[in-house]
Amino acid sequence: MVGVVSYGTYIPKYRIRVEEIARIWGENAEVVKNGLGVEQKSVPGFDEDTATIAVEAGREALKRAKIDPKKIGAVFVGSESHPYAVKPTGTIVAEALGVGNDYFCADLEFACKAGTTAMQICYAMVKAGIIEFGIAIGVDTSQSRPGDPLEYTAGAGGACFIIGKDCIAEIEGTFSFASDTPDFWRREGQPYPSHGGRFTGQPAYFRHIVMATKGLLDKLGLKPSDFAYAVFHQPNGKFPMRVAKMLGFTKEQIKQGLVVPYIGNTYSGSSMIGLASVLDVAKPGERILLTSFGSGAGSDSFSFVVTDKIEDFERNPTVFEKIKSCEYIDYGMYVKLRRKIRFG
């Protein structure tokens, strides 16, 4: 039995409301909120980046699991906003967590699904007996060009999952679907990404999530009603609702994991924070579906079965408690914290 032994999350305390961004650009906030299904988003502090957020999420996961950090045999950090173009984030995280020096490590990048890919690698390594525990982190401080629609949703946050045996949620199976679909990209040295507008929807997000999810269900012989919860990647509040309906899942099944209306799209952290929110309330025997999405494009789908171990697992503070603990800022502070004002 291999799966999630522990998990931790970190969400920056700062928030900016859709109304504040719309005020600056002369747009109708209600139209934006209704169109995107987002009320506000998280904003990283001036001293917060992918590495610091990953460390905080990792510390919480280790504390909850009561595991000696030196038993961690692998550290994989998935992100599209690593602080260095050349220098791993993973070694910074491992050093801060006290992992030691005997561990496998790599930074992963596959747009917003790099963190779930890290989970698959850790799962395979534990199952093969190569390591006892592996750390998989999905984290981002996502970028958005001023005035671009992405500015309403590009948030910050991350989640860490420790994969091993004797778990609180067994990985029953996993399935991936990928293709060369150029819906979203950012070249080296460019500060902000470009995207294909509506092209990011049907041929990218919806196709890959549907195919990965159906592939997993067929592989395991399961149907949507077999799951208590479902979590899909959340670029906005509307897409996961729509894809859930396409696949036969109900609003009640995705409600607990839908965090994007309150913190925005945390990219590599998006579906993983949603999974953490579900684990905050899940009960033994319940089955959870998780399907991520990364532009470029691909999806990883998982089926988790919650075990009796979760009843003795420390789950506080919960994701939604962290969401509620926040401080609102105006657009001026936002552009300062995100370094959108550049001095010569």
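Residues numbered from 1 in each chain as written. Predicted model: local features only at pLDDT ≥ 70, side-chain atom pairs only at ≥ 80, totals over all residues. Heavy atoms only, no water.

> Please explain the sheet that holds strand β2 (residues 14–17) as it appears in this structure.
By definition, the strands of a sheet pair up through backbone hydrogen bonds, in either a parallel or an antiparallel sense. Pairing is mixed across the open sheet formed by three strands, whose spatial order is β3-β2-β14. Every other strand in the sheet has two partners, leaving β3 (40–43) and β14 (327–328) as the edge strands with one partner each. Relative to β3, β2 is paired through four bridges, and the arrangement is antiparallel. Bridge assignment links isoleucine 16 to a residue of β3, and that residue is lysine 41. In this fold helix α1 (residues 18–25) packs onto β2 and β3, with an angle of close to 55° to the strand it touches most, β2. (Pairing = 2+ DSSP bridges. Helix = DSSP H or I, 4+ residues; strand = E, 2+ residues; numbered from the N terminus. Contact = heavy atoms within 4.5 Å. Axes fitted to C-alpha atoms, helices over the stretch in contact; angles between N-to-C directions.)

> Help me out: how do you make sense of the sheet that holds strand β6 (residues 133–141) in this one?
Strand order across the open sheet formed by nine strands is β5-β4-β6-β7-β1-β8-β13-β12-β11, with mixed pairing between neighbours. What marks the edges here is a single partner per strand, and that holds for β5 (104–108) and β11 (229–232). When strand polarity is set aside, the average angle formed by the axes of neighbouring strands in this sheet is 20°. The sheet contacts of helix α3 (residues 50–65) involve β1 (2–10), β4 (72–78), β6 and β7 (156–165), and relative to β1 the element is tilted by about 125°. Strand contacts of helix α4 (residues 89–97): β4, β5 and β6, with the helix running at about 135° to β4, the strand carrying the most contacts.

> What's the story with the nonpolar core in this structure? I'm lost.
With 42 residues, the main nonpolar core has Phe161, Leu279, Ile288 and Phe304 as its most contacted residues. No other element matches helix α5 (residues 114–127), which puts seven residues into this core. In this structure, isoleucine 288 is in contact with Phe227, Tyr229, Leu275, Val278, Leu279, Ala282, Phe302, Ser303, Phe304 and Val306, ignoring residues within four places of it in sequence. Core analysis: the second largest hydrophobic core is formed by 24 residues, Ala54, Val93, Ile137 and Cys160 among them. (Core = buried A, V, L, I, M, F, W, Y, C linked by side-chain atoms within 4.5 Å. Buried < 20%, exposed > 50% of the residue type's maximum accessible area, 1.4 Å probe, protein only.)

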